[in-house]
Amino acid sequence: MTYQPPVRDYAFLLRDVLALERYANLPAFADASMDTVEAILEEAGKFTGEVLAPLNGVGDKQGCTWHPDHSVTTPAGFKDAYAKLVEGGWPALGSDPAYGGQGLPHVVNVAFSEMSSAANMAFAMYPGLTHGCYSAIHVGGSDEQKALYLPKLCSFQWAGTMNLTEPHCGTDLGLLRTKAVPQADGTYRITGQKIWISGGEQDLTENIVHLVLARIEGAPAGVRGISLFIVPKFIPDADGNPGVRNSVKCLGLEEKMGIHGNATCVISHEEATGWLIGEENQGLKIMFVMMNEARLGVGLQGIAQAEAAYQAAAAFAKDRLQGRSLTGPKNPDGLADPVIVHPDVRRMLMDARAIVEGGRAFMAWTALHGDLSHAHPDETVRQKGRDYMALMTPVVKAFLTDRGFQVCSDAMQVHGGSGFTEHFPASQYLRDVRIALIYEGTNGVQALDLVGRKLAAEGGRGVMSFFAELDAFCDAEAGAAMAPFTGPLAAAKGELQEATMWLMQNGLANPDNAGAASTDYLHLFGLVALAYMWALQAKAAQARIDGGDSDPFYATKLTLARYYMARILPETATRLTRLKTGSELVMALPAEAF
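Cut-offs and rules
- Residues numbered from 1 in each chain as written.
- Predicted model: local features only at pLDDT ≥ 70, side-chain atom pairs only at ≥ 80, totals over all residues.
- Heavy atoms only, no water.
- Helix = DSSP H or I, 4+ residues; strand = E, 2+ residues; numbered from the N terminus.
- Expected span 1.5 Å × (residues − 1).
- Buried < 20%, exposed > 50% of the residue type's maximum accessible area, 1.4 Å probe, protein only.
- Salt bridge = Lys/Arg side-chain N within 4 Å of Asp/Glu carboxyl O.
- Polar contact = N/O pair within 3.5 Å; in protein donor to acceptor, adjacent residues only side chain to side chain.
- Contact = heavy atoms within 4.5 Å.
- Core = buried A, V, L, I, M, F, W, Y, C linked by side-chain atoms within 4.5 Å.
- 1 Å grid on protein atoms, 1.4 Å probe; cavity = no way out; pocket = protein on both sides within 12 Å on 5 of 7 lines; lining within 4 Å.
- Points joined across faces, edges and corners; volume = space filled by probe spheres on them.

A. Summary view of helix α9 (residues 343-375). With 33 residues, α9 ought to run about 48 Å at 1.5 Å a step, and its terminal C-alpha atoms sit 47 Å apart, in line with that. Along α9, 25 of the 33 residues are buried, which leaves the element largely enclosed by surrounding structure.

Shown next, in the form of structure tokens:
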């Protein structure tokens, strides 16, 4: 089985569900006609399916190789594929035309990113982090820094990384020890060790731009004293080309459960030359531009790996003969029926499609609001876009990776014992996706961010706007054709609203109540968000059918929407019941009892 990029599904989402062309009058969308977008989707499908997907197993088995001279070699074929990536202009899709980009809406780039990650997650991480580095410098860099670095990052001629984590601290960045000493020429000497640096060293690009969090001598303790620095592998010369080698070294590679094709490095900065981005002690604000983009990208990884795992499982289920159907033989001329005839196998495959296609719509819908937060002339629309991006980021990251991992696990289950061997791809998808629940802020941290900060932001404006949008949709689509979708959506929205009020009343009185409820709340939120996405897809599919389109694609969408509402969405009631028990039982045992 070879990976089949979801070109048709993205065309449906962008054309029929999100109606991208209604924004054609906005400069940022002027070049995003559906003819152009569908041509991009087709070419993206060819590149990811034909160039990247065949290297996925190669990267998993070979991994990266560290050499005593501190260099790293990527798996066979990666360097050639990277050159084709750059040659095809894929890096520039959503980047600023002022620096060589094509300036297309990010929602279009999301499609290419998902296909890339599904085809080869380890490979896709190299350009993914580079775009995050580009975004951070685009927001926080000086004009000189932008002019020097952004064209090279935009083209992916140079790669980018982010250096946050240190051996003694992960999420708690206030504990970091990497120091920055100012020099007379305006540069800084950066000294410290960073770990888990994805793409920290590789043989794909002529230079690597590290974004490094460090503390300037005399800076305040904790997160208030963190600054951000550009620390290139090679210091650019007067012409902007790689010059003298900086004192940045890869000390080794991590031995990991998955993503073997991506170089996860231990990086040592030994009085390396760095340049401050933005103001002193304001580094986290700029780095969060990159981190938030990365969190959305990680949510996308969850859906991407789930899609690839589902495809593998569905192909296996249709081919593997095992047992007979409970309602009589479906393959009477054979010794057994294919396992896809069994209801429990169908349950796992249906769960997978409902989560993947709902999650894909949620990613695209969120990305569109991100585009509108910058591009729309109406400040009300821009504000709503900013509110939604802040509110939805932890949900996208945590919910889609938790559910993506479950899909990958079910895909292995569909394979039976074969899935536990390395003869089939199920193992790699499960191993690769597992990191997505951990990095860029663990899913538990995302849940705390949602209930502790994002709900209350701007007086709860974001979540109240979301509730109002759901109410307006359900009221407008109250007819019989949409009742199977709006009825369950309205009920689940009511449970989410009840959970939100419970948190407001009980979380402040005892913060442990919010902490104990946070994961259940985030999943409740994600379930409702995907219900809304399925209702939107059902509306668009029904409109196609009512217009005389007999393509079975649309009838399949309606079936999947009904399945989600009937079989997956009812979990909201359990989540609500659990979170309302508070923290008493969660915190009941003393630490020594564990």
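B. Quick peek at the pattern of salt bridges. Under the defined criterion, the tally for this structure stands at 35 salt bridges. Across the pair Asp-16 and Arg-544 runs a salt bridge whose closest N-O atoms are separated by 3.2 Å. In this pair, Asp-16 is assigned in helix α1 (residues 7-17) and Arg-544 in helix α15 (residues 511-546), connecting sequence segments 528 residues apart. Sharing partners across several salt bridges, the network here consists of Asp-9, Glu-114, Glu-307, Arg-353, Glu-357, Arg-360 and Lys-557.

C. Summary view of the side chain of Lys-233. Position of Lys-233 relative to the elements: it lies in the loop between β7 (227-232) and β8 (234-236). Take Lys-233: its relative accessible area is 10%, and that puts it in the buried class. Polar side-chain contacts of Lys-233 include one of 2.6 Å to the side chain of Glu-201. The contact partners of Lys-233, leaving out residues within four places of it in the chain, are Glu-201, Gln-202, Asn-207, Ile-208, His-210, Val-244, Arg-245 and Asn-246.

D. Spatial organisation of the nonpolar core. Counting residues in each nonpolar core, the largest one holds 156 residues, and the members touching the most others are Phe-362, Trp-365, Tyr-521 and Tyr-564. Of all the elements, α15 adds the most residues to this core, at 19 residues. The contact partners of Tyr-521, leaving out residues within four places of it in the chain, are Leu-450, Val-451, Leu-455, Val-463, Leu-496, Ala-499, Thr-500, Leu-503 and Leu-579. Membership of the second largest hydrophobic core comes to 29 residues, among which are Leu-164, Leu-213, Leu-284 and Met-290.

E. Highlighting the layout of surface pockets. As a volume, the second largest pocket reaches approximately 600 Å³. As for the second largest pocket, its lining consists of 24 residues, and the residues nearest its centre are Glu-307, Tyr-310, Arg-353, Glu-357 and Thr-556. When contributions to the lining of the second largest pocket are tallied by element, the ones reaching two or more residues are α1, α8 (283-319), α9 and α16 (552-568). Among the elements that take part in the lining of the second largest pocket, α9 stands out by supplying seven residues, more than any other.

Function-wise, these values are silent; they only describe arrangement.
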